[in-house]
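Residues per chain are reported as follows:
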Amino acid sequence: LNIKWNFNRYAALLMNLNACRLKAVGQFTMQLPPSSQTAQNNVGPTLLSVAGEEQRFNLNLGYRQGWMMGDYSNFFVQVGGSMLGTKWMRNYVLVADRQFELITSGYVAGQTPMSAVPNTGVGFGAFVETGVEFWVGKYSFDIGLGFSREKVIINTYEQNVTNKWLQATFNI
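Rules used in this analysis
- Residue positions are counted from 1 within each chain, in the order its sequence is given.
- Two thresholds apply to this predicted model, a pLDDT of at least 70 for residue-level local features and 80 or more for giving and counting side-chain atom pairs, whereas whole-chain, interface and lining totals are computed over all residues.
- Processing note: side-chain calculations cover all non-hydrogen atoms of the structure and skip hydrogens and water entirely.
- In plain words, nonpolar cores are sets of buried Ala, Val, Leu, Ile, Met, Phe, Trp, Tyr and Cys residues tied together by side-chain atoms within 4.5 Å.
- Each residue is placed in one exposure class: buried if its accessible area under a 1.4 Å probe, protein chains only, is under 20% of its type's maximum, exposed if it is over 50%, and partly exposed if it falls in between.
- The way it works is that DSSP assigns letters per residue, a run of H or I at least four long becomes a helix, a run of E at least two long becomes a strand, and they are numbered from the N terminus.
- Between two residues, a contact is recorded if the distance between any of their heavy atoms is within 4.5 Å.
- Between N or O atoms, a polar contact is any pair within 3.5 Å; within protein, one atom must be a potential hydrogen donor and the other a potential acceptor, and residues adjacent in sequence are included only when both atoms are from side chains.
- When DSSP locates at least two bridges between a pair of strands, those strands are taken to pair.

Draft legend 1. Region of the structure containing the nonpolar core. Residues Leu84, Trp88, Ile103, Val152 and Ile154 constitute the largest nonpolar core, which totals five residues. At the level of secondary structure, the elements contributing two or more residues to this core comprise strand 4 (73-95) and strand 7 (139-154). Residues within four places of Ile154 in sequence aside, it is in contact with Glu54, Thr86 and Trp88.

Draft legend 2. Just the side chain of Asn74, in detail. Tracing the backbone shows Asn74 in strand 4. Residue Asn74 is classed as buried on the basis of its relative accessible area, which comes to 0%. In terms of polar contacts, Asn74 uses its side chain to reach the backbone carbonyl oxygen of Arg9, at 2.9 Å. Filtering out sequence-adjacent residues up to four positions away, Asn74 remains in contact with Arg9, Tyr10, Trp67, Met68, Met69, Gly131, Val132, Glu133 and Trp135.

Draft legend 3. Geometry of the pairing of strand 2 (residues 11-31). Strand direction decides the pairing type here: strand 1 (residues 2-6) and strand 2, joined by five bridges, are antiparallel. What sits directly across from Ile3, in strand 2, is Met15. Here strand 1 folds back onto strand 2 in antiparallel fashion, the turn holding four residues. Pairing of strand 2 with strand 3 (residues 45-70) involves 21 bridges; the strand directions are antiparallel. Each residue of the ladder has a partner; that of Leu13, found in strand 3, is Tyr63.

Here's what the structure looks like:
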């Protein structure tokens with residue numbers, strides 16, 4: 001969702017809201033004990049999968065300044081504040097076609113209990129985007145390249161990250 005309030009052809013206030021679901025998958029090795037089914041005494045390392053799922057929303061509020069390139073186009077730069085919400089959903093490993101949750105609310109000997117209820121962490125930062133805007137009558141569309149720096153918060157994990165995007169919008 002992109003909302004832009006134009007003061008004139010060159011200046012505007014803007015709000016941009018994006019949402020996505022992410023799934024990251026990686027691999028690790030594990031030494032499995034011998035199985036009576038395989039009748040092997042020495043089983044080598046096995047490659048297994050680990051996955052994490054989360055949802056994110058990103059809200060940008062800012063100001064756009066443009067400069068005329070021609071009768072129907074502007075070069076623009078926009079800057080502003082950014083808010084990134086990250087909702088952890090689940091983490092699990094895949095072993096023998098079965099999923100095992102890595103974070104559980106059940107008791108595990110020798111480990112600190114942790115809530116398995118998904119929660120949302122909100123971090124703040126800033127963004128900058130530059131691009132070209134094209135005008136067709138009172139309508140406009142643009143293509144831009146943007147960068148933001150904000151804090152990702154997932155449970156107790158906090159990390160400042162840089163995000164980048166290529167964005168095309170159509171404005172009514």
